[in-house]
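Reading the structure
Here is what each chain is made of, one letter per residue.
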Amino acid sequence: MKMLTPFVIKAAVPNPARKAPPELTGKVDTVLGIAAWAGTAAGVAGVLITGAMMAISLKRGESSEHMGRLGMVLGGCVLVATAGPLVGFVFK
């Protein structure tokens, strides 16, 4: 029995440039800047609120899971701060 060899077609794979239209980049940069600012503001507010809740609970003599909440807030802050570099690292 004779083995068939695979039929191979060689073709150039298109590789389009990763260049966004200039009129779009300014708008996207504005939206991402506002989102980054809002994320940073939310992180600062979260740390302040968690700290205030810890102080109030300490004064009342209550124990609570504030350290876990603070860890979540700080984890969110790290994600907001590193979002741009992480995406740039993955997609370059």
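Look a little higher up for the structure.
A brief report on the enclosed structure follows.

Close contact between helix 1 (residues 22–60) and helix 2 (residues 66–91) brings their axes to 9 Å; oriented N to C, the two are set at 165°. Here helix 1 is positioned roughly antiparallel relative to helix 2, judged by the angle of their axes. When the axes of helix 1 and helix 2 are compared, the crossing they make is left-handed. Across the interface between the two elements, Ala36, Gly39, Thr40, Gly43, Gly46, Val47, Thr50, Met53, Met54 and Ser57 from helix 1 touch His66, Met67, Arg69, Leu70, Val73, Leu74, Cys77 and Val80 from helix 2. When its residues are assigned to classes, the contact of helix 1 with helix 2 shows 10 nonpolar, 7 polar and 1 charged.

Once that is clear, we can look at the side chain of serine 57. Topologically, serine 57 is positioned in helix 1. Given the relative accessible area of 9%, serine 57 is considered buried. Setting aside residues up to four positions removed in sequence, serine 57 forms contacts with Glu62, Ser64 and His66.

Further remarks concern helix 1. Between its first and last C-alpha atoms helix 1 spans 57 Å; for 39 residues at 1.5 Å apiece the expected length is 57 Å, and the two agree. All of the buried residues in helix 1 are Gly43, Gly46, Thr50 and Ser57. Buried residues belonging to helix 1 abut helix 2. Backbone geometry just after helix 1 places glycine 61 at a positive phi near 85°.

On the surface, Val87, Phe89, Val90 and Phe91 cluster together into a nonpolar patch covering about 490 Å² of accessible area. Mapped onto the secondary structure, phenylalanine 91 falls in helix 2. Overall, the relative accessible area of 58% leaves phenylalanine 91 in the exposed class.

Attention now moves to the environment of glycine 68. With respect to the element layout, glycine 68 can be found in helix 2. Taking the C-alpha atoms as reference points, glycine 68 and arginine 18, separated by 50 residues in sequence, lie 42 Å from one another.

Taking 1.5 Å of rise per residue, 26 residues should cover 38 Å, and helix 2 covers 37 Å from first to last C-alpha, within 8% of that figure. Within helix 2, the axis deviates most sharply at threonine 82, by approximately 55°, and proline proline 85 lies no more than four positions further along. Three or more residues of helix 2 are buried, namely His66, Leu70 and Val73. Against the buried residues of helix 2 lie helix 1.

About the criteria used
- Residues numbered from 1 in each chain as written.
- Predicted model: local features only at pLDDT ≥ 70, side-chain atom pairs only at ≥ 80, totals over all residues.
- Heavy atoms only, no water.
- Axes fitted to C-alpha atoms, helices over the stretch in contact; angles between N-to-C directions.
- Helix = DSSP H or I, 4+ residues; strand = E, 2+ residues; numbered from the N terminus.
- Parallel < 35°, antiparallel > 145°, perpendicular 65-115°, else oblique.
- Left-handed = near helix turned anticlockwise from the far one by under 90°.
- Contact = heavy atoms within 4.5 Å.
- Nonpolar A, V, L, I, M, F, W, Y, C, P; charged D, E, K, R; others polar.
- Buried < 20%, exposed > 50% of the residue type's maximum accessible area, 1.4 Å probe, protein only.
- Expected span 1.5 Å × (residues − 1).
- Patch = residues over 30% accessible without salt bridge, like charges linked within 9 Å, V, L, I, M, F, W, Y side chains within 5 Å.
- Areas by Shrake-Rupley, 256 points an atom, 1.4 Å probe, with all protein chains shown as cover.
- Salt bridge = Lys/Arg side-chain N within 4 Å of Asp/Glu carboxyl O.
- Bend = angle between axes of the 7 residues up to and from the residue.

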